[in-house]
Amino acid sequence: MPQILDGIRVRDEIKAELKPRIAALAAKSRAPGLAVVLVGNDPASQVYVRNKIKTCEDLGIRSESLRPPESVTTEELLAIIDTLNARDDMDGILVQVPLPPRVDAKRVLLAIDPAKDVDGFHPMNVGNLVAGLPGPRSCTPAGIMELLKRYGIPVAGKRAVVVGRSVNVGKPAAMLLLHENATVTICHSRTVDLAAVCREGEILVAALGRPAMITGEFIRPGAVVIDVGQTRVTDRALAARIFSRDRNDPDKMAAFDKRGFVWMGDVDPIDVVEKASAYTPVTGGVGPLTIAMLMTNTVAAAERRAGLC
Ligand code: NAP
């Protein structure tokens with residue numbers, strides 16, 4: 001059986017390590033502060049924001065949630081960001097995406113002070129990443145690297161294949177793997193013979209948002225497979241096609257029927273067990289690390305502002 005890379009365990013380790021840093025900040029001046037801006041009432045975004053605020057509370061990070069209405073204009077959002085940039089008690093600013101289509105999301109994200117950009121999405125921080133300079137790293141890719149490090153999975157000299165080239169996941173994941181001396185290939189929707197390219201990967205990172213598309217023929221035997229994908233599948237036929245093959249967990253479909261959906265990664269959850277040497281499950285793999293790294297970025301931003309690093 002392959003090793004399961006347990007994101008919940010690593011998340012808890014990271015949180016435990018953050019607590020004394022937060023206590024030191026509180027003793028020196030004040031606890032770190034994170035402002036979260038959530039526009040409108042998108043249910044998925046509400047859940048993500050609730051989880052972030054709850055994690056702040058667990059850790060003793062001060063959080064403030066700003067809830068402008070769906071009708072907010074770009075100018076109004078820019079004014080909110082300006083105020084947060086100027087506030088001394090806020091170390092991190094997070095604008096939950098997606099923003100409504102009317103809003104100029106690029107202008108809003110660009111307006112965030114790069115020193116408070118705890119998502120690592122600001123072009124200045126993307127540049128810092130490429131140049132190997134310090135700065136907040138995009139949370140999900142940073143979480144992947146923590147997972148590999150804490151499980152002692154060697155990266156240097158390995159062939160790594162990243163499927164997906166988004167600015168927030170695929171590209172920064174590839175860059176972080178490169179900084180750790182992997183030989184990295186980035187794939188996307190125009191890659192020819194994706195399965196053959198993926199099979200070159202001793203480390204395979206799937207971040208494409210296509211449930212269970214990465215089947216056994218994409219996985220090199222013995223590969224370490226990191227599944228970033230997280231799709232809420234409500235299509236019973238799709239769920240049944242995948243899970244009816246699961247001899248280890250025949251109750252999966254019963255769970256689907258009870259809830260009406262199942263979370264599915266980009267990697268076929270049955271094939272990965274047969275081919276990989278280690279893999280991240282969905283759920284409980286990469287997902288929990290994203291918030292842990294957001295907290296890490298917030299604490300680091302506060303430490304920089306307090307002159308502690
Ligand atoms: P995205 O912005 O939609 O990017 C998807 C990428 O996958 C694009 O580069 C796209 O290629 C590529 N792609 C799509 N279909 C493909 C195909 N058939 N073959 C090859 N490449 C294909 O998505 P994202 O924000 O990076 O997120 C990817 C997945 O990760 C989603 O399921 C998302 O929910 C999940 N996610 C999870 C977490 C977490 O905490 N676990 C965090 C962030 C994202 P092109 O560039 O050519 O279009």
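Parameters at a glance
- Residues numbered from 1 in each chain as written.
- Predicted model: local features only at pLDDT ≥ 70, side-chain atom pairs only at ≥ 80, totals over all residues.
- Heavy atoms only, no water.
- Helix = DSSP H or I, 4+ residues; strand = E, 2+ residues; numbered from the N terminus.
- Rg over C-alpha atoms; globule rule 2.2 N^0.38 Å.
- Buried < 20%, exposed > 50% of the residue type's maximum accessible area, 1.4 Å probe, protein only.
- Contact = heavy atoms within 4.5 Å.
- Domains from an automatic or database assignment.
- Pairing = 2+ DSSP bridges.
- Axes fitted to C-alpha atoms, helices over the stretch in contact; angles between N-to-C directions.
- 1 Å grid on protein atoms, 1.4 Å probe; cavity = no way out; pocket = protein on both sides within 12 Å on 5 of 7 lines; lining within 4 Å.
- Points joined across faces, edges and corners; volume = space filled by probe spheres on them.
- Nonpolar A, V, L, I, M, F, W, Y, C, P; charged D, E, K, R; others polar.
- Core = buried A, V, L, I, M, F, W, Y, C linked by side-chain atoms within 4.5 Å.
- Salt bridge = Lys/Arg side-chain N within 4 Å of Asp/Glu carboxyl O.

Is there a simple way to think about the overall build of the protein in this case?
For the protein, the helix and strand inventory stands at twelve helices and eleven strands. In terms of C-alpha radius of gyration, the protein reaches 20 Å, essentially the compact-globule figure of 19 Å for 309 residues. Dimensions along the principal axes, computed over C-alpha positions, put the protein at roughly 55 × 40 × 35 Å. Counting across all 309 residues of the protein, residues that qualify as buried make up 49%. Across the protein, every contact between residues at least 6 apart in sequence was considered, and the portion connecting residues at least 24 apart equals 73%.

In this structure, what is going on with the domain arrangement of the protein? I would like to understand it.
When the parts of a complex come together, some accessible area is lost, and that lost area is often used as the size of the interface. Here the protein is partitioned into domain 1 (28-117) and domain 2 (139-230 + 265-288). On a C-alpha basis, the centroid separation for the pair domain 1 and domain 2 is 29 Å.

I would appreciate a short explanation of the sheet that holds strand β2 (residues 33-37) in the present structure.
Paired through their backbone hydrogen bonds, the strands of a sheet run either parallel or antiparallel. Strands sit in the order β3-β2-β4 across an open sheet of three strands; the sheet is parallel. The sheet is open, and its two edges are formed by β3 (62-66) and β4 (92-95), each paired on a single side. This sheet shows a mean twist of 15° between the axes of neighbouring strands, independent of strand direction. Two elements, β2 and β3, share five bridges in a ladder whose sense is parallel. Its bridge partner lying in β3, L34 is registered against S63.

When you look at the layout of surface pockets in this model, what are you seeing that I'm missing?
Leftover empty space is mapped by rolling, across the atoms, a probe with the size of a water molecule. Taken as a whole, the largest pocket encloses approximately 1,300 Å³ of empty space. If you list the elements that add at least two residues to the lining of the largest pocket, you get α1 (7-28), α2 (43-59), β4, α6 (139-150) and α12 (287-305). In terms of residue count, the dominant contributor to the lining of the largest pocket is α2 (eight residues). Across the lining of the largest pocket, the residue classes tally to 21 nonpolar, 15 polar and ten charged. Taken domain by domain, the makeup of the lining of the largest pocket includes at least three residues from each of domain 1 (28-117) and domain 2 (139-230 + 265-288).

Whenever I open this one, the side chain of H122 confuses me. Can you help?
Tracing the backbone shows H122 in the loop between α4 (105-111) and α5 (123-131). Of the residues examined, H122 reaches a relative accessible area of 9% and is grouped as buried. Filtering out sequence-adjacent residues up to four positions away, H122 remains in contact with L109, L110, I112, P114 and D117.

Sorry if this is basic, but what is going on with the nonpolar core here?
For soluble globular proteins, the rule of thumb is that nonpolar side chains tend to be buried together. Counting 51 residues, the largest nonpolar core has L34, L148, L177, I226 and M295 as its most contacted members. The dominant element in this core, judged by the number of residues it contributes, is α12, at nine residues. Summarising the domain contributions, this core has at least three residues from each of domain 1 (28-117) and domain 2 (139-230 + 265-288). Residue contacts for I226: discarding those within four places in its chain leaves L5, I144, L147, L148, L204, V205, A206, T280 and V286. Counting 19 residues, the second-largest nonpolar core is a separate cluster that includes V161, A195, C198 and A223.

Honestly, the pattern of salt bridges in this entry has me stumped. Any pointers?
Opposite charge on two side chains lets them pair, provided their charged atoms get close. The tally for this structure, following the rule as stated, stands at 17 salt bridges. With a closest N to O distance of 3.2 Å, R107 and E75 form a salt bridge. With R107 in helix α4 and E75 in helix α3 (residues 74-86), the pair connects residues that are 32 residues apart, well separated along the chain. Its relative accessible area of 39% is what places R107 among the partly exposed residues. Its relative accessible area of 49% is what places E75 among the partly exposed residues. A salt bridge links R159 to E200; the shortest N-O distance between them is 2.9 Å. Of the two residues, R159 sits in strand β5 (residues 159-163) while E200 sits in the loop between α8 (194-198) and β7 (203-206), which places them 41 residues apart along the sequence. On the basis of relative accessibility, which here comes to 34%, the residue E200 falls in the partly exposed class.

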